[in-house]
Each structure stands twice: as C-alpha cells, then as structure tokens.
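A look at the structure
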Amino acid sequence: MRILKEIFKRDKEKFVVPKNAQDIIPIKAIWDDGIFEVQKNKFSKCYKFIDINYAVASHEDKEAMFLDYSDLLNSLDNGATSKITINNRRINKIDFEKTILMKDVGDGLDKYRHEYNQMLLDQAKGANGIIQEKIITISVNKKNIEEARNYFARTTSELMNHFSVLGSKCVELDAEERLRIYHDFYRVGEETSFRFDMKENLRKGHNFKDFICPDTFEQNKDYFKIGDRYGRVLFLKEYASYIKDSMVTELTELNRNMMLSIDVIPVPMDEAVREAENRRLGIETNITNWQRRQNAYNNFSAIIPYDMEQQREQSKEFLDDLITRDQRMFLSVLTMVHTAETKEQLDNDTEALLTIARKHLCQFAVLKFQQMDGLNTAMPFGVRKIDALRTLTTESLAVFIPFRVQEIRHDNGIYYGQNVISKNMIIADRKQLLNGNSFILGVSGSGKSFIAKEEIVSIMLKDPNADVIIVDPEREASSLVKS
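As a starting point, this report considers the structure included with it.

Quick notes on the rules
Residues numbered from 1 in each chain as written. Predicted model: local features only at pLDDT ≥ 70, side-chain atom pairs only at ≥ 80, totals over all residues. Heavy atoms only, no water. Phe/Tyr/Trp six-rings, centres within 6.5 Å; stacked < 30°, edge-to-face > 60°. Helix = DSSP H or I, 4+ residues; strand = E, 2+ residues; numbered from the N terminus. Buried < 20%, exposed > 50% of the residue type's maximum accessible area, 1.4 Å probe, protein only. Core = buried A, V, L, I, M, F, W, Y, C linked by side-chain atoms within 4.5 Å. Contact = heavy atoms within 4.5 Å. Patch = residues over 30% accessible without salt bridge, like charges linked within 9 Å, V, L, I, M, F, W, Y side chains within 5 Å. Areas by Shrake-Rupley, 256 points an atom, 1.4 Å probe, with all protein chains shown as cover. Salt bridge = Lys/Arg side-chain N within 4 Å of Asp/Glu carboxyl O. Pairing = 2+ DSSP bridges. Expected span 1.5 Å × (residues − 1). Arc of directions from axis to C-beta. Axes fitted to C-alpha atoms, helices over the stretch in contact; angles between N-to-C directions. Parallel < 35°, antiparallel > 145°, perpendicular 65-115°, else oblique. Left-handed = near helix turned anticlockwise from the far one by under 90°. Nonpolar A, V, L, I, M, F, W, Y, C, P; charged D, E, K, R; others polar.

**Here we look at the packing of aromatic side chains**
Evaluation of the coordinates by the stated rule reveals ten aromatic pairs. On the basis of an interplanar angle of 25° and a centroid distance of 4.7 Å, the ring pair of F49 and F163 is categorised as stacked. Remark: F163 occurs in helix α5 (residues 145–166) and F49 occurs in strand β3 (residues 42–49); sequence separation between them is 114 residues. For F49, a relative accessible area of 3% gives the class buried. In this structure F163 comes out as buried when scored by relative accessible area, which is 1%. Here Y151 and F152 contribute two aromatic rings whose centre-to-centre distance is 5.6 Å and whose plane-to-plane angle is 70°, an arrangement assigned as edge-to-face.

Here you go:
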C-alpha cells in the first residue's frame, strides 16, 4: 500500500492526516462486477446515466420530465440508500488529441489535416473543456456478496426502466470503471496512466488503492490539499421554501474539477405519516397552550402568531402531500467538493458557489474539521459521514434534478459546432447513431451548401476510402469534386 506522508501539527487549524488509505478511500473489498464493500456488510454499486435535454425543453416537456424523475425517486427502495452524483472532470489533452484529431495518412492531403486539427485545438481553447458524468450509487446492507448481487440484479432492471422512460440510458459500472472515477479525481493530470487488472493485482499481491491514492493528503480546518491541488467540501445548510430547478445546473457550471452529491434516504410510508401526524399534533398543542395563556389574561380575541400559523399550514400541507398526492418522505443532504490549483483560486471559487446559493435563497456552509468526512460523502463510494439531514418530499427533492443538456462527443467523430448551453464542442460520428441521416435546413444564403461541402471534406480527410455520392443538378460541387 502506498505510504502516505504524515503531516504533523503545525498550528491550531491543522491536524494530522489519516495514517492509511482506508480513511481516504473507504472501501474494504471489491469484486470484478463493480460491487464494493464500503462498510461491514454494506455493499454499493454505481450506475452511470446519460444526460437529457432538460435545459432547452419546453415548459410542458420539462413538467413531464420532472414528473418522470419524481417517479424514479419514488421507486427507490426503503431498505437502501442512494447517492446521485454530478462529476465535473476536465478533458485530458492527451485523450483529446488521441480520439478527436486526425492522423497523417501520407496521401498528399496531410497539410489540410494539420489545418483541421489546428482549428479543433483553437475551438477547444474557447470551449468549456469540462465533461459532466452523472452517477447514481445504490448502497444496501446484506449478509454476504451473494445476497447483495441478487439485490443489485433486481435494482438494475428497475433503474434501467425508469431512466428509459426519462429518455436517458443507465449502464452498470464494473470495478475498473468505478476505480477510474476515483483515480481521475485524486490524480488530476495522470488520467492516461490508469491501469487496473484485477487478476494481475491478485497475482502480485498489490492493493487496488496503490494506484488511486494521492501521494500526499493534507487536511486543514476548512480545506484539504491533494498533492499540489487544493480542495474544499461544502454542504447545503439552509434550504429556501421555493427553489428553482436550475440551481444544480448553475452550481455545476463552474469550469473546475468538482463533484456534487445528493444523498437520498427513503423513509417508509407508515413511519413518514406517523412522523408528520406527530409533528402536526405538537404544533396544535403549542397553539392551544398559547391560546390558554392568552385567555388567562382575559385576551379572548388574540390572533395566533404568524410563525405558528405558518407551521400549522406547512404541517397540514406536508401531511396532505404524503396521504393524497403520492409523495414520499426522504432524508437528504447535499454535499459538494471542488478543487483548484491555488488557495486563492479555491477561495474565489468557494465565494462564487456561496453567491449562487444565496441567489436562490439557500445557504452553503464550509465543513469545519470535517473535510475528510465530507470528501467521502461527496465521492460516489456509497457512504455518508455527514449528518446534516433535511426532511424533504418527493417534489422538493426532485427540484435538484441532475439533468441539463445532452452532449455529443464520439471518438473519431467530425466537428459540427459548439453546444449553446454547455459551450462544449459537438463531435459526432453519424455511423454510431441509431439513425445516421440528416437534413440541413436554413434560409437562402445562410450557408447550407457550405456546411454540406465542409462535411464532405471532413469525411474524406478522416477516411480517404469513404464513398461520397453527390447528386447535384446545379453542379455546385464540381470544383470541390475536381479538387
């Protein structure tokens, strides 16, 4: 196991880093199919789901997606906990050049390929450069791996059905894909060096944490340091009574490596109704006692205070949601970890995130002396070590909808433009699509013919053996064909 440097106390705000990798990566055992044991008899499994075009949808479509997402939340099992994670990771330059840029062929057209590659690199500089991954982690307590495997087999089919209704696609992550997520977060800039072979590791007696753990981890009062990078964990402390569905999107728009996680703990319906009734009974008792005190002073016309009246209305509405509107009760906590190159940049990013939360009448807070616990909670391990739980109904939780806009980024695809919402490049290979046909629509003089010719040139440069058939009564493309 990688020996972590132990940082001893230097001042009042700094304390000793954990002595082993178990504190940084809370995983006890892993299996090849992606099931991890994170605590004694507690198993977790990750699923990646693709984004959908929520931000650009019409009001009616957004409402339909919101209701479908609410159904997904309602379907979560009472005996398990879920974690919905949005992972922002920067595109690795080596991977980008390997999968997107054209390679020399030696057919006399390489100078055009170099020009095309330079254009792509120029576009990449102005683009966001961030890839968003959406992950849902299910954790459940079972006696052994066989029981956990049977449970996840049932859960997988249910999740896939609900995500397909949303227009998304859900896929299981195996052990290598899960470990890559942790590796890319802890070792920014070393993404291409990740290699993991379970059989080889077992044969050599290596621990899987050797390749994932950062070389050093320094923990401070309100931030931490991984190698040369700085990081900080925030949590949502105060919730507004009304939150817009764009809040999560705005929080994850920051052009930094970060993870935002929403822990979801479903409460059984009978317990939820009993809790709501007890809460309402307590409020009514407080109001009755207040009125009795007023009557004792012969103040028979006193009006119930505003805050008590509000509590009565909210408790009634909460109980109605559970009983008549098919809502469920959830315990939830939202945590967020973001990293930066310098401490100054980290502080500026933290202030930007706090400002976004305040704009939505919410309040983020920095975890004090709990940065390690917060990091483990925000990462998609399947553990929760922060107890700042908030009671929410299905609709209140569905407001933190993780969907934004669908990205198109195929390996060895052709550049088609820039995504208006995310500012990322659209790289598509129509052969990989279910239906590869396309139409080019536009008013006269808007550049339809130019776009078509540009795509023909890109196809020929990408694959010199491709067959391009042009039906052109006006002979507009004759000069292009001759070239």
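**Considerations on the nonpolar core**
Ranked by internal contacts, the top residues of the largest apolar core, which has 55 residues, are Y69, F152, F163, F364, F400 and F403. Element by element, the count of residues in this core is highest for α5, at seven residues. Once residues lying within four places of it in the same chain are set aside, the contact partners of Y69 are I84, L166, A398, F400, I401, P402 and F403. Ranked by size, the runner-up nonpolar core spans 38 residues in total, among them C46, V233, M259 and M372.

**A closer look at a nonpolar patch on the surface**
Residues M460, V468, I470 and V481 make up a contiguous nonpolar surface patch of about 290 Å² in total accessible area. Relative to the helices and strands, V468 is located in the loop between α14 (448–462) and α15 (478–482).

**Considering the pairing of strand β10 (residues 258–267)**
Among the ten residues of β10, ten are classified as buried, and the element is accordingly described as predominantly covered. Where strand β4 (residues 80–90) meets β10, seven bridges bridge the pair, whose relative direction is antiparallel. Following the sheet pairing, S82 is matched in β10 by V264. One ladder, built from ten bridges, connects β10 with strand β11 (residues 329–340); its direction is antiparallel. The residue bridging L260 from the neighbouring strand is M336, located in β11.

**Here's the deal with helix α2 (residues 59–74)**
Along its 16 residues, α2 runs 23 Å from first to last C-alpha, staying within 8% of the 22 Å computed at 1.5 Å per residue. Those residues of α2 that sit buried are M65, F66, Y69, S70, L72 and L73. Projection of α2 onto a plane perpendicular to its axis shows the buried side chains occupying an angular sector of 155°, all on one side. Buried residues along α2 sit in contact with β4, α5, β11 and α13 (394–398).

**A few points about the pattern of salt bridges**
According to the stated counting rule, one finds 27 salt bridges in the structure shown. Note that D347 and R232 form a salt bridge whose closest N and O atoms lie 3.0 Å from each other. Of this pair, D347 sits in helix α11 (residues 343–359) while R232 sits in strand β9 (residues 229–238), placing them 115 residues apart in sequence. Overall, the relative accessible area of 33% leaves D347 in the partly exposed class. The buried category is assigned to R232, whose relative accessible area is 4%. Within this structure, R280, E284, E309 and R312 form a network of salt bridges that share partners.

**Considerations on the packing of helix α9 (residues 269–296) against helix α10 (residues 306–324)**
Contact geometry for α9 and α10: axes closest at 10 Å, N-to-C directions at 160°. Relative to α10, α9 is oriented roughly antiparallel. Every pair of crossing elements has a handedness; the one defined by α9 and α10 is left-handed. Contacts between α9 and α10 pair M269, A272, V273, A276, E277, R280, I283, E284, N286, I287 and W290 from the former with M308, Q311, R312, S315, K316, F318, L319 and L322 from the latter. Residues of the contact of α9 with α10, tallied by class, amount to eleven nonpolar, three polar and five charged.

**Some thoughts on the packing of α2 against α5**
At a minimum axis distance of 9 Å, the contact between α2 and α5 shows a crossing angle of 175°. Compared by their axis directions, α2 and α5 come out roughly antiparallel. Of the residues in α5, those touching α2 at M65, D68, Y69, D71 and L72 are L159, H162, F163, V165 and L166. By residue class, the composition of the contact of α2 with α5 is seven nonpolar, one polar and two charged.

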